[in-house]
Amino acid sequence: MLNKLTNLTKTKKVTTENFELDLSRVPSHIAVIMDGNGRWARKRGLPRIAGHREGMKVVRKVVKRANELGVKALTMYAFSTENWKRPKPEVEFIMKLPEQFLMAYLPELIEENVRVRIMGEKEGIPSYTLKAVNEAMDRTKDNDGLILNFALNYGSRYEITSGVRQLAKEIEQGKIKSDDVTEEVIGSYMMSKEVGDPELLIRTSGEMRLSNFMLWQLAYTELWFTDVYWPDFSASDLDKAIYDFQNRGRRFGGV
Ligand code: IPE
Ligand code: IPE
Ligand code: MG
């Protein structure tokens, strides 16, 4: 691993311990399903929340590395619309993490020109969490570096349903004609409209499913899975995912 990563984007390639990354072909939008916090904790005889706490620190490391490599957007799945099924104390703990994360790291994120965003259903998210996220969004709104997009209380079917409902309303009102509904139009009703479709999806912990994450947006995304639990995920795991991405043939249905 390179320890000094200054001026990375000025050089075309970066050589890490095992592989060489082409900095001109780094995926511009990476989405991450951060999974395995609970199992990481259980393996250590700790409560599940210890895994969530540790996982929060990894978000910071991954953002830093992605920013160094020139990634433009990172969408991090932090809490799904299905995660309300978990025990109340665990849900409460997870919902306090955005505030803690921002309290600890917002100054650094500002310094690194990161723009914080949120994607998900606001209703249901505790007010102190929304307050922290809104403040972070406001304080970073003029930054034009990496977009750190938290999927919080996010579910893809919910997103599609509310987008379609809104579109149907506008058709009823005569604001848009049904014949004018294209794929681009539908995309613009998705919560991801600012960041667009990910080029690479990473899921940790060995699970090979999407768990209601970005179903519309992942149509042609490269999927990358690792057995590593999220709290153990490192900057070099991110490098590895990007390296594998760079060695895949993307055809989009062509030849
Ligand atoms: C991911 O880790 C974090 C959230 C879903 C909020 P989990 O809590 O799902 O960990 P496992 O899958 O039970 O190990
Ligand atoms: C997906 O992980 C949600 C997040 C990472 C926030 P889950 O742990 O909730 O997914 P399932 O239940 O294993 O599908
Ligand atoms: Mg899980």
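Residues numbered from 1 in each chain as written. Chains lettered and ligands numbered in written order. Predicted model: local features only at pLDDT ≥ 70, side-chain atom pairs only at ≥ 80, totals over all residues. Heavy atoms only, no water.

Draft legend 1. Quick look at the overall build of the protein chain. In terms of regular secondary structure, the protein chain is built from seven helices and eight strands. For 255 residues, the compact-globule formula gives about 18 Å, and the C-alpha radius of gyration of the protein chain, at 19 Å, lands near that figure. Projecting the C-alpha coordinates of the protein chain onto the three principal axes gives extents of approximately 60 × 50 × 35 Å. Of all intrachain contacts in the protein chain linking residues separated by at least 6 positions in sequence, the fraction that spans at least 24 positions is 75%. With an accessible surface of roughly 13,400 Å², the protein chain has 50% of that area assigned to carbon and sulfur atoms. Charge-centre separation for the protein chain: the mean point of 39 positive side chains lies 3 Å from the mean point of 36 negative side chains. (Helix = DSSP H or I, 4+ residues; strand = E, 2+ residues; numbered from the N terminus. Rg over C-alpha atoms; globule rule 2.2 N^0.38 Å. Contact = heavy atoms within 4.5 Å. Areas by Shrake-Rupley, 256 points an atom, 1.4 Å probe, with all protein chains shown as cover. Lys, Arg positive; Asp, Glu negative; His and termini not counted. Charge placed at Lys NZ, Arg CZ, Asp CG, Glu CD.)

Draft legend 2. Spatial organisation of the packing of aromatic side chains. This model, assessed by the stated rule, comprises nine aromatic pairs. With a centroid separation of 5.3 Å and 55 degrees between ring planes, the pair formed by Tyr220 and Phe252 is classed as tilted. With Tyr220 in the loop between strand E7 (200-203) and strand E8 (222-225) and Phe252 in the segment after helix H7 (235-246), the pair connects residues that are 32 residues apart, well separated along the chain. Judged by its relative accessible area of 48%, Tyr220 is partly exposed. (Phe/Tyr/Trp six-rings, centres within 6.5 Å; stacked < 30°, edge-to-face > 60°. Buried < 20%, exposed > 50% of the residue type's maximum accessible area, 1.4 Å probe, protein only.)

Draft legend 3. Examining the pairing of strand E4 (residues 73-80) more closely. For E4, the tally of buried residues reaches seven of eight residues, placing the bulk of the element in the interior. Bridging between strand E3 (residues 29-33) and E4 involves five bridges; their strand directions are parallel. Within E4, the residue paired with His29 across the bridge is Ala73. Where E4 lies against strand E6 (residues 147-154), seven bridges are found, and the strand directions are parallel. When the bridges of E6 are listed, Tyr77 appears paired with Ala151. (Pairing = 2+ DSSP bridges.)

Draft legend 4. How the structure looks around the site of ligand 2. Close to ligand 2 lie Ile33, Met34, Asp35, Tyr77, Ala78, Phe79, Asn83, Arg86, Arg203, Arg209 and Ser211. Side-chain polar atom of Arg203 to an oxygen atom of ligand 2: 3.3 Å apart, as the coordinates give it. The separation between an oxygen atom of ligand 2 and a polar side-chain atom of Ser211 is 2.6 Å. Judged by the proximity of its atoms to the pocket grid, ligand 2 belongs to the largest pocket. Residue contributions to the shell around ligand 2 peak at three residues, all from E4. Class assignment of the residues belonging to the shell around ligand 2 gives a composition of five nonpolar, two polar and four charged. (Near = heavy atom within 4 Å. Polar contact = N/O pair within 3.5 Å; in protein donor to acceptor, adjacent residues only side chain to side chain. 1 Å grid on protein atoms, 1.4 Å probe; cavity = no way out; pocket = protein on both sides within 12 Å on 5 of 7 lines; lining within 4 Å. Sits in = over half its atoms within 2 Å of the grid points. Nonpolar A, V, L, I, M, F, W, Y, C, P; charged D, E, K, R; others polar.)

Draft legend 5. The packing of helix H3 (residues 88-111) against helix H4 (residues 127-139), seen in detail. Interhelical geometry of H3 versus H4 gives an angle of 20 degrees and a closest axis separation of 9 Å. One finds that H3 runs roughly parallel with respect to H4. Considering only the axes of H3 and H4, their crossing is left-handed. For the pair H3 and H4, the contacting residues are Glu92, Met95, Lys96, Pro98, Glu99, Leu102, Leu106 and Ile110 in the first and Tyr128, Thr129, Ala132, Val133, Ala136 and Arg139 in the second. (Axes fitted to C-alpha atoms, helices over the stretch in contact; angles between N-to-C directions. Parallel < 35°, antiparallel > 145°, perpendicular 65-115°, else oblique. Left-handed = near helix turned anticlockwise from the far one by under 90°.)

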